[in-house]
Structures are given as C-alpha cells and as structure tokens.
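Take a look at the letters that make up each chain.
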Amino acid sequence: QVQLVESGGGLVQSGGSLRLSCAASGSIFSIGVMGWYRQAAPGNERELVANIISGGTTNYADSVKGRFTISRDNAKNAVYLQMNNLRPEDTAVYYCNSDLKTRDYGPTYRYWGQGTQVTVSS
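Bear in mind that the values here come from a model prediction, so they are computed numbers and not experimental data. (Residues numbered from 1 in each chain as written. Predicted model: local features only at pLDDT ≥ 70, side-chain atom pairs only at ≥ 80, totals over all residues. Heavy atoms only, no water.)

## Things to note about the side chain of Gln39
And step 1. In this structure, Gln39 sits in strand β4 (residues 30–39).
And step 2. Of note is the side chain of Gln39, whose polar atom sits 2.8 Å from the backbone oxygen of Asn44.
And step 3. If we skip the residues at most four places from it in the chain, Gln39 touches Asn44, Glu45, Arg46, Ala92, Val93 and Tyr95. (Helix = DSSP H or I, 4+ residues; strand = E, 2+ residues; numbered from the N terminus. Polar contact = N/O pair within 3.5 Å; in protein donor to acceptor, adjacent residues only side chain to side chain. Contact = heavy atoms within 4.5 Å.)

In structure tokens, the structure reads:
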C-alpha cells in the first residue's frame, strides 16, 4: 500500500542541471531516512548518492559533493535531488528510497521507487 513515485529525469548536456522529485504515498505512519541511489548499468551495484534523515542531516557520496543537494518536505513525504554541473559519469538510473513505518510500534521497511533515467551527454 506504499508507493514511491519519482519524476524529473531526462537528457542533459554536460554542465547542465536536473531536479529529481520523489513522493511517498499510501499507508504511512512515519518516515525516517529518505535517499537517492543510482545504478549505472544493469548488473552494476546500486550506489548511494545522498540521503537525509527526518531532522535534516544529510550524507553525500564523495563523487557528488558540492554538485548535488538533497532536501525533503516532511509534510509532503517527498524528497528532492538538485543536480548541478552534471557529468557524463552521472549517467544512471536514479532510485529514491524511504525507510518508513506503516503503523505505530511497527517495523521499519525500506521502499523503493521505480527509477528514473538520467543521461548526461558530453
């Protein structure tokens, strides 16, 4: 009953910018960490890009520090990724995820979005 829906991917030239959005909906009691991962090609490991906890503390992969900014809107159960100065090596499918509870005192589960393609041309 929980869905994460992403939007904002696309094709951009090197040095350009994109903004990804992800909104969680359904039976949600509380959300902890929200984040973005990416997978460059099928079979490659999915790597962490950035995450943010409910209080606002952020964590970034070294490869994106200074170029990407993660933010969230707790009222909307949404997380965003502003990507600036994009490089061809940023090309990947980007997935959002969310660690959340569907009821009080219940377990925390990790949910994933369906992925959105980001392609950076040189």
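## Digging into the packing of aromatic side chains
And step 1. Considering all chains together, one arrives at one aromatic pair under this definition.
And step 2. Ring geometry for Tyr37 and Trp112: centres 5.1 Å apart, planes at 70°, overall edge-to-face. Of the two residues, Tyr37 sits in strand β4 while Trp112 sits in strand β10 (residues 109–112), which places them 75 residues apart along the sequence.
And step 3. Classification of Tyr37 by relative accessible area gives buried; the value is 17%.
And step 4. In this structure Trp112 comes out as partly exposed when scored by relative accessible area, which is 33%.
And step 5. Lying across the ring of Tyr95, Arg46 places its NZ or CZ 3.7 Å from the centre.
And step 6. The lysine or arginine in question, Arg46, covers the ring of Trp112, its NZ or CZ lying 4.7 Å from the ring centre. (Phe/Tyr/Trp six-rings, centres within 6.5 Å; stacked < 30°, edge-to-face > 60°. Buried < 20%, exposed > 50% of the residue type's maximum accessible area, 1.4 Å probe, protein only. Lys NZ or Arg CZ within 6 Å of the ring centre and 35° of its normal.)

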